[in-house]
Amino acid sequence: MKGYDRGIIAATILLCLFGVIMVFSASSIYALKEYGTKYYFVRKQVLYLIVGLVAGGIVATADIDRVRKYSKVLFGLALFSMVLVFVPHLGVVVSGSHRWIRIGQFSIQPSEFAKPVLILFIADLIDVKARRNSGPVPVFVPLLYTVPLLFLMIREPDFGSAAITAGVVFAILFLAGAGLAPLAAAGLSGIAAGVVLVVRSTYRFNRIRAFLNPLRHAHTGAFQIVQSAIAYGAGGLTGVGLGNSFEKLFYLPEAHTDFIFSVIAEELGFLGVAAVIGVFIYLITKAFAVAARAESLFTKATVYGLALLIAMQVIINIAVTLGLLPTKGLTVPFISYGGSSLVAQLISVGILLNLAKRVNEGSDEADYSRWG
Amino acid sequence: MNAVKRIHEHQLVRLFIVYVCIISGFAVIVSKAFYLEVIRGRRYAEIARRQYSREITLIPARGAILDRDGRILAQSVLVDSIYADPLLIANKSRTAVIVSRVLGLGADETLTKLTADRQFVWIKRLVDPDIARKLLRYHLKGVYSLREYRRFYPDKSIASNLLGFVDVDSRGLSGIELSLDNYLHGNPFSAVVDVDGHNSPVYAGDPINGTSMSGDNVVTTIDLNIQFILETALKKAVTDLGASKGIGIIMAPKTGAILAMVSIPDFNPNVYRKFPVSVFKDIAVENTYEPGSIFKPFVISAALDAGAITPKEEFFCEHGHYKVYNIVIRDAEGDYDMLNAGTILKYSSNIGAAKIGEKLGPTTLYRYLKEFGFGSPTGIDLPGESPGILNRVDRWSGVSIDTIPFGQGVSATPIQLVTAMAAIANGGLLVMPQIIKEIRAPGGNVMHFSPVIRRRVISPQTAKTMTGMLVGVVNDGGTGVRARMDGYTVAGKTGTAQIPDPKTGRYYKNRFVSSFLGFVPANAPSIVMLIMIVDPKTDPYGGQSAAPLFKDVAGKVLPYLGVPSGLNIMATPSSEPSVADMAQVQAASVTQTGIVPDFRGASIRTVLREAKKAGIEDLVIRGSGYAVGQSPQPYARYAHGPVIVVFSDSVSGNGQEQRGHRADVIKG
């Protein structure tokens, strides 16, 4: 434990344990009705948490440079596994989405792992490039690598993940010092592509329409948004009390995954919401502070990218439950039910801790010699 | 170095810009959360409250129907009903395929329902909960379930015509279910409840007190075991004889309590839709029959009670051929010369009965028959009771006074005949037939139904004299000799009534209603029983078909009721069972599976063999020697659980105690 950032560890574990409690609260009645035991989901979540903590611990203590050396291989693996979800019998199709591959008793969602792997890969790429020539930060090469991943995500379809991934890559390039003109050009073409995709896809288009006019589509996509708003409103300042949510009784769909924050809002009120967001802000601020002090571009971009990934997921998810954004299918890091996301996020925190330790010990600079 | 530092500072600025963006994002969501939760909170809380609470109408659980010892005859159980909201269903054909496969419905018919332009259609009601759960596992959007009550009759066809059945909304459509529907059904009530997103009520705090809202339980006077004995025997007889219908009633003569009432054909009320409407009639109270010779005892009782004749008085019976006006009255058995009232009954002489009728005269006969209850409903708590036909004297034809005494030109329901015979059995009192013993409200209030005595019809002395004559019918030479029992004295009368052709008004030559109406034991009757077999293809005479059935049924019912028999096996202990006892055991055990054989008097080996034959798996043997007692009672219906047989040399206790135990077993 020595040398590791205790604040990050404490915040992460606090959020995870709180997540277990909220998953239990939000899923118990649904689980009882569907699976005959109210512990169905929470039992699995605890198992995922243990796996995630072990994996994160291993990553935190590993030699990050060796991991970095294999970042190309890891990225290749990530792309490959994203293809596997479309292979019949191997890929699991849930209500039309190809997001999972089945391995034995468990389903794995490769895109959750692909996101941190992509950050590592891009950070390594620009770091190496920056050192080989002191010219402008490349924009198109990293984006070229990112596009196939985005394409696969959209094909799943998982538009939310694709948007966040694109956003994080842009933010990393921006940080690294890319010129604003090429960034803007690439960004605008990306947005144009996004608009075309939305209009061409009926389900996405309907979600947007529902978002714009909830009451008119009360029986389709907007139902969730209306119910979520009711959950927030019913919660008030202090909430209806832990376990007392009414919305989770089959009003709110996916109460233990995408809409778990609505249940938090209903049961714990504004004070609970503010406290949870406070812990997230603390965690992200800690990570940004590490990034600010980092000497190497690799460390800086990785820590910053991972922190940004977490921050964007939190903000977008909560914004969806508040009706500020159309529904996305994104989970709240550390809190929502889901094995792949929890394990991937705990591995991300492991990387954060590993790099933070290096920065705090002042050994980050030493890496230049190896790559220089 | 300077360049590196500049780049570093440049990156710090950009890092800070992004950080500010992130914090702004958080600020936006916290503000919106604050707005929704704190500023607009009340309004949303109000919407929430309105959304969750529903005023719903709850149909209370229908009360159970029980036999006199509380055994369940009919009961309501919660099952699932599947409904759909077609407007919520996106992929209707796929949903229809799954729903129709799981529920076993036609795919096209299901699809039609799912495409209806409504927000609520029943897909299938009263579904087995396992099947409903299987369907709901598919999570089909727009397909849901509600809990409803389904009526369940555990013994299927047993007492079906008496109990009746209910429709899909649990309203009684026939039988007791109909006549006591107001009690059984309970009152639907409205309640404001919280419902979950599937519209199912959520009972978080105060659950609705369902028990106090359920319908009343109805306790009948029926004894399920006796009903089972009678129904099984009668059903078999109707089949064996190729008859069209069969009716059996067993009544306690002092109280009028109906212990068993059977109409064949019967049906399974659990699946009543599979049966033709015609079988739902409870013919024991709804149909009327010309009674034929079983009517003679009432006419002769009237003549005796009115003092018109004496028991010893003899009548000339015209040697079997008596012409009155345009008709000829015949005696089936041949040419009788002089017969008194007793022998007229014993040989069932129509001419003798006509002569007695003539002596009594129309006005008095009419008055007595009215007193016996003919021509008026008995008032039993069952729907559709017929009053029968007893014309007023001024409408009688010239021959009515000659034909009514042997049961032609008059018609009666089976329940009227039993009730009238009960008056002879109990010393002259007409009781009201009683089918309901108690009505138990859910709160604990119990409404008892006391026996109702309508009036005195004949004097105790007349009843006694008549009983003696009816015993004669079952003695050697009488028409009812095949109803004679070992150990019990039977009093009764056979009947073989011709069936009139409704088109011509004449009697069919070869179609009869064969019957036996009697009571037993004659001196202190426990039961009055009517057996009626309508239109048997073989053995048309009441003495041939109905009388043996009376004997068989009474032979099982009386030991079950614990009526002491004159032929007491216990009183004659011997080291080995007699041949007669062995025969009795075998006769009892081979006839009915599902009925506990009468083991008493048999050796252990015999008991083991007979128990196996009867399908008894859990047999407990106590002691050795010969069987002296058993539990359950002989002829009780056997379901599950141990059958205990106690033998003469019981290991525990001395002889004195054994006798006491035996007595308990016998008396039940």
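Values in this document were obtained by computation on a predicted structure and should not be read as measured data.

### Structural notes on the overall build of chain A
Move 1: Tallying secondary structure elements over chain A gives 14 helices and 3 strands in all.
Move 2: Residues classed as buried in chain A amount to 56% of the 372 residues present.
Move 3: Long-range contacts, defined here as pairs at least 24 residues apart, represent 72% of the contacts in chain A between residues at least 6 apart.

### Details of the sheet that holds strand S3 (residues 106-108) of chain A
Residues and elements named next belong to chain A.
Move 1: Strand order in this open sheet of 3 strands is S1-S2-S3, and the pairing throughout is antiparallel. At either margin of the open sheet sits one strand with a lone partner, and together these are strand S1 (91-94) and S3. Averaged over neighbouring strand pairs, the angle between their axes works out to 45 degrees when direction is ignored.
Move 2: Pairing between strand S2 (residues 97-103) and S3: 3 bridges, direction antiparallel. Paired with Ile101 across the bridge in S3 is Ile108.

### Quick look at the environment of B:Thr221
Residues and elements named next belong to chain B.
Move 1: Within the element layout of this structure, Thr221 appears in the loop between strand S8 (217-220) and helix H10 (224-241).
Move 2: For Thr221 and Ile258, which are 37 residues apart along the polypeptide, the C-alpha to C-alpha distance reads 5.7 Å.
Move 3: Ignoring any residue separated from it by four or fewer positions in sequence, one finds Thr221 in contact with Arg68, Ala257, Ile258, Leu259, Gln434, Ile435, Ile436 and Lys437.
Move 4: Side-chain polar atoms of Thr221 contact the backbone oxygen of Ile258, separated by 2.6 Å.
Move 5: Among the polar contacts made by the side chain of Thr221, one reaches the main-chain carbonyl oxygen of Gln434 at a distance of 3.0 Å.

### Examining the sheet that holds strand S20 (residues 507-520) of chain B
Residue and element names in this part refer to chain B.
Move 1: Pairing is antiparallel in the open sheet, where 5 strands are placed in the order S10-S9-S21-S20-S19. Strand pairing shows two members of the sheet lacking a second neighbour, strand S10 (258-264) and strand S19 (491-500), which therefore form its edges. Shown here is a sheet whose adjacent strand axes are inclined to one another by a mean of 10 degrees, direction ignored.
Move 2: The pairing of S20 with strand S21 (residues 527-534) spans 8 bridges and is antiparallel. Bridging across to S21, Val520 finds its partner in Ile527.

### A few points about the packing of aromatic side chains
Move 1: Evaluation of the coordinates by the stated rule reveals 30 aromatic pairs over all chains.
Move 2: Note on B:Phe165 and B:Phe280: the rings are 4.5 Å apart at their centroids and 55 degrees apart in plane angle, and the pair reads as tilted. Of this pair, B:Phe165 sits in the loop between helix H6 (160-163) and helix H7 (175-179) while B:Phe280 sits in the loop between S10 and helix H11 (283-286), and the two are 115 residues apart along the sequence. Both residues of the pair, B:Phe165 and B:Phe280, belong to the buried class.
Move 3: Each member of the aromatic cluster is reached from another via a ring pair, and the members are A:Tyr30, A:Tyr35, A:Tyr40, A:Phe41, A:Tyr48 and A:Tyr337.
Move 4: Its end group placed over the ring of B:Tyr44, B:Arg43 keeps NZ or CZ at 5.8 Å from the ring centre.

### With respect to the confidence of the model for chain B
Residue and element names in this part refer to chain B.
Move 1: For chain B, the average pLDDT comes to 82, and 84% of its residues sit at 70 or higher.
Move 2: Predicted confidence in chain B is weakest over helix H22 (residues 655-667), with a mean pLDDT of 33, and strongest over helix H17 (residues 414-425), with 96.
Move 3: pLDDT under 50 marks residues 568-593. Its contacts with residues more than four places away, or in other chains, come to 35 contacts.
Move 4: Note that pLDDT drops below 50 for residues 650-668; the model gives that stretch 22 contacts with residues more than four away or on any other chain.

### With respect to unusual backbone geometry
Residues apart from glycine generally show negative phi values, whereas peptide bonds are mostly found in trans.
Move 1: A cis geometry characterises the amide bond from B:Ile264 onward to B:Pro265, with omega recorded as 5 degrees.
Move 2: With respect to the helices and strands, B:Pro265 occurs in the loop between S10 and H11.
Move 3: For the bond running from B:Val520 to B:Pro521, omega is -10 degrees, close enough to zero to count as cis.
Move 4: Within the secondary structure layout, B:Pro521 lies in the loop between S20 and S21.
Move 5: Backbone geometry at A:Phe334 places phi at a positive 70 degrees, although glycine is not the residue there.
Move 6: If you trace the backbone, A:Phe334 turns up in the loop between helix H12 (297-321) and helix H13 (339-360).
Move 7: Notably, B:Lys156 is not glycine yet its phi reads approximately 55 degrees, a positive angle.
Move 8: Relative to the helices and strands, B:Lys156 resides in the loop between strand S5 (143-152) and H6.

Cut-offs applied
Residues numbered from 1 in each chain as written. Chains lettered and ligands numbered in written order. Predicted model: local features only at pLDDT ≥ 70, side-chain atom pairs only at ≥ 80, totals over all residues. Heavy atoms only, no water. Helix = DSSP H or I, 4+ residues; strand = E, 2+ residues; numbered from the N terminus. Buried < 20%, exposed > 50% of the residue type's maximum accessible area, 1.4 Å probe, protein only. Contact = heavy atoms within 4.5 Å. Pairing = 2+ DSSP bridges. Axes fitted to C-alpha atoms, helices over the stretch in contact; angles between N-to-C directions. Polar contact = N/O pair within 3.5 Å; in protein donor to acceptor, adjacent residues only side chain to side chain. Phe/Tyr/Trp six-rings, centres within 6.5 Å; stacked < 30°, edge-to-face > 60°. Lys NZ or Arg CZ within 6 Å of the ring centre and 35° of its normal. pLDDT = per-residue confidence, 0-100.

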